[in-house]
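Residue-level structure breakdown
In case you want the letters, here they are:
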Amino acid sequence: MTSTVESVGETPAHVPDFPMDRAAGCPFDPPPVALARGKETPLSKVRLWDGSTPWLVTGYAEGRALLADPRVSADITRPGYPLQAPVLEGGPSASFILMDDPEHARLRRMVTAPFAIKRVAALRPAVQRIVDDLVDDMLAGPKPVDLVEAFALPMPSLVICQLLGVAYSDHDFFQANSKILIKRTNDPQERSDAFQRLTGYLDDLMGQKLAAPADDLLSGLGERVKAGELTRAEAAQMGVLLLIAGHETTANMIALGTLALLEHPDQLALLRDSDDPKLVTSAVEELLRYLTIVHNGRRRVALEDMDVAGVRVRAGDGLVIATDVGNRDPGAFPEPDRLDIERDARHHVAFGFGVHQCLGQPLARLELQVVYSTLYKRVPTLRLATDIERIPFKHDGGVYGAYELPVTW
């Protein structure tokens, strides 16, 4: 039910702060305040850190429609865009994921081929070897072990390094700077400095690829630079985006997905004891839906007046599309707060929707399928080595997850 004030797009007298943190003891659920508001109305106003009051979109159908609507913009430079944090001077605002078509489409097309479904499927044997080697190393080492450090973080880092043509020996450098950049509570200058270090690193690497191309994605971007389709600076920034997104998101899904399964032993047993690849596929989709680690909303701004679920959204209004709450909408997913790996959850919006949906989702799906079908069979007695209340979660990050996950067997 929507108030009269909200229905004409004005700001109510009291607007609550945007809910950021998941509840203590419920690390898998969206913020309880956001969930409660989603049950009342699909659109409501919230207040951000800078005092702006965008619309919080909690309905699944409304959010999905807006993500595909050309009347809303992903351009971070437009007035009214609901910023997550202060804009970094010279920072990643030039990323194509924060642009509209046609520029967004022009840049995105240059990196789509390596993430095509058939190309990604061909990587399965290599991904399987990486997973097996990491499990071997983990089993041969001491226990308990931090699953994030020993497995969840190196696994996708090794894959994306091979795909991009980045030396994995540099992982300490790019992982440390990635952590600084995506932590929204860090000082803006600190985050800007981290971005510049990463951009400089990728620019130097791009220079090497231009001089001596190899069979990797960065060399492919180098060919675009030589053809005048892309500047070297644009190529370096695209490299930063792909490097960060290629390891951070999947690493968080591996650790958090493992924790969710350990906390739902019936679901873990079902997955561990099955050899059905269809069950593995559905488990991946359900965990993506259930956890929805992009937890600060997909940010947009309205380009013109429009009606959304009976609410008048004005041109220039910010929109925070809470896909984590949308993925718990009972209208789209019956009993949405229950983890059910046999559920058909393929229509979730964990990767977004529309022209800006995640470019790397075929690779992420493949990596998670290999991990979830291997780790728990290879380590059937895997269990937590601490209380769940003591696990440090990434409430302060752009992507939700666990900083550490102590496990034993």
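Since we're looking at a predicted model, the values are computed, not measured.

Summing up its helical and strand segments, the protein has 16 helices and 10 strands in all. Along the three orthogonal principal directions, the C-alpha set of the protein runs to about 65 × 55 × 40 Å. When burial is assessed residue by residue, the protein has 56% of its 409 residues classed as buried. Residue pairs in contact within the protein that sit at least 24 positions apart in sequence constitute 72% of those at least 6 positions apart. Carbon and sulfur atoms provide 54% of the accessible area of the protein, an area that totals close to 17200 Å². Averaging the locations of the 43 positively and 56 negatively charged side chains of the protein gives two centres separated by 3 Å.

For the rest of this paragraph, the subject is helix α2 (residues 32-40). Along α2, the positions that sit buried rather than exposed are Ala34, Leu35 and Arg37. Projected down its long axis, α2 carries its buried residues within an arc of 165°, all on one side. Opposite the buried face of α2, by more than 90 degrees, sit the exposed residues Lys39 and Glu40.

If a residue is not glycine, its phi is most likely negative; likewise, a peptide bond is most likely trans. Cis geometry marks the peptide bond from aspartate 101 to proline 102, where omega comes out at 10°. Tracing the chain through its elements places proline 102 in the loop between β3 (72-73) and α4 (103-109). Omega for the bond connecting lysine 143 with proline 144 falls within 30 degrees of zero, at 5°, which places this linkage in the cis form. Of note, proline 144 is situated in the loop between α6 (124-140) and β4 (145-146). Here alanine 309, not a glycine, exhibits a phi torsion of approximately 50°, which is positive. In this fold, alanine 309 is placed in the loop between β6 (306-308) and β7 (311-313). Even without a glycine there, the phi angle at glutamate 335 is positive, about 45°.

Pairing within the open sheet is antiparallel, and its three strands lie in the order β4-β10-β9. Looking at strand neighbours, the two that pair on one side only are β4 and β9 (383-384), the edges of this open sheet. One ladder, built from two bridges, connects β9 with strand β10 (residues 406-408); its direction is antiparallel. From the neighbouring strand, leucine 384 faces β10, where its bridge partner is valine 407.

For the protein, mean pLDDT is 91; residues scoring 70 or higher make up 95% of the total. Overall, residues 1-11 carries pLDDT values under 50, and its contacts beyond four positions in sequence, including any with other chains, amount to 28 contacts.

Glancing now at the nonpolar core. Phe151, Met155, Leu221, Leu291, Tyr372, Leu375 and Leu405 are the most contacted members of the largest nonpolar core, which has 96 residues in total. Ranked by residues supplied to this core, first place goes to helix α12 (residues 232-262) with 17 residues. Discounting residues that sit within four places of it in the chain, methionine 155 has contacts with Val127, Ile130, Val131, Leu134, Ile254, Glu367 and Val371.

For α6, spanning 17 residues, the distance from its first C-alpha to its last is 24 Å, which sits close to the expected 24 Å at 1.5 Å a residue. Looking at α6, one finds that the buried residues are Ala126, Val127, Ile130, Val131, Leu134, Val135 and Met138. As for α6, its buried residues are in contact with β4, α7 (147-152), α8 (154-164) and α16 (361-378).

A full pass over the atoms with the stated rule returns five aromatic pairs. Between tyrosine 60 and phenylalanine 333, the ring centres sit 5.6 Å apart and the planes meet at 85°, which makes this aromatic pair edge-to-face. A residue pair is termed long-range when its members are at least 10 positions apart, and tyrosine 60 in helix α3 (residues 60-67) and phenylalanine 333 in the loop between α15 (323-326) and α16 qualify at 273 residues. Taking the relative accessible area as the measure of exposure, tyrosine 60 reaches 11% and is therefore buried. On the accessibility criterion, phenylalanine 333 (1% relative accessible area) is buried. Aromatic pair phenylalanine 173 and tyrosine 201: ring centres 5.2 Å apart, planes at 55°, arrangement tilted. Here phenylalanine 173 is found in helix α9 (residues 171-182), whereas its partner tyrosine 201 is found in helix α10 (residues 188-211), with 28 residues between them in sequence. Residue classification places phenylalanine 173 among the partly exposed positions, given a relative accessible area of 30%.

Positionally, glycine 246 belongs in helix α12. With 12 residues separating them in the primary sequence, glycine 246 and threonine 258 have C-alpha atoms 19 Å apart.

Okay, the pattern of salt bridges next. Oppositely charged side chains can pair when the atoms bearing their charge come close. The tally for this structure, following the rule as stated, stands at 24 salt bridges. Between arginine 272 and aspartate 273 there is a salt bridge, and its shortest N-O distance comes to 3.4 Å. The network of salt bridges with common partners includes Asp29, Arg328 and Asp337.

Our focus in this paragraph is the sheet that holds strand β2 (residues 55-57). Across the sheet, five strands lie side by side as β1-β2-β8-β5-β3; this open sheet has mixed pairing. Of all the strands in the sheet, just β1 (43-45) and β3 have a single pairing partner and so form its edges. Taken together, the four bridges between strand β5 (residues 298-302) and strand β8 (residues 318-321) define a ladder with antiparallel strand orientation. Looking at the pairing, arginine 300 lines up with leucine 319 of β8. On top of the sheet, α3 reaches β1, β2, β3, β5 and β8; it is set at about 120° to β8, its chief contact.

Our next topic: the pairing of β8. What you see with β8 is no split at all: Gly318 and Val320 on one side and Leu319 and Ile321 on the other are buried throughout. Pairing of β2 with β8 involves three bridges; the strand directions are parallel. Within the sheet, the bridge partner assigned to leucine 56 lies in β8 and is valine 320.

Reading the values: the criteria
- Residues numbered from 1 in each chain as written.
- Predicted model: local features only at pLDDT ≥ 70, side-chain atom pairs only at ≥ 80, totals over all residues.
- Heavy atoms only, no water.
- Helix = DSSP H or I, 4+ residues; strand = E, 2+ residues; numbered from the N terminus.
- Buried < 20%, exposed > 50% of the residue type's maximum accessible area, 1.4 Å probe, protein only.
- Contact = heavy atoms within 4.5 Å.
- Areas by Shrake-Rupley, 256 points an atom, 1.4 Å probe, with all protein chains shown as cover.
- Lys, Arg positive; Asp, Glu negative; His and termini not counted.
- Charge placed at Lys NZ, Arg CZ, Asp CG, Glu CD.
- Arc of directions from axis to C-beta.
- Pairing = 2+ DSSP bridges.
- pLDDT = per-residue confidence, 0-100.
- Core = buried A, V, L, I, M, F, W, Y, C linked by side-chain atoms within 4.5 Å.
- Expected span 1.5 Å × (residues − 1).
- Phe/Tyr/Trp six-rings, centres within 6.5 Å; stacked < 30°, edge-to-face > 60°.
- Salt bridge = Lys/Arg side-chain N within 4 Å of Asp/Glu carboxyl O.
- Axes fitted to C-alpha atoms, helices over the stretch in contact; angles between N-to-C directions.

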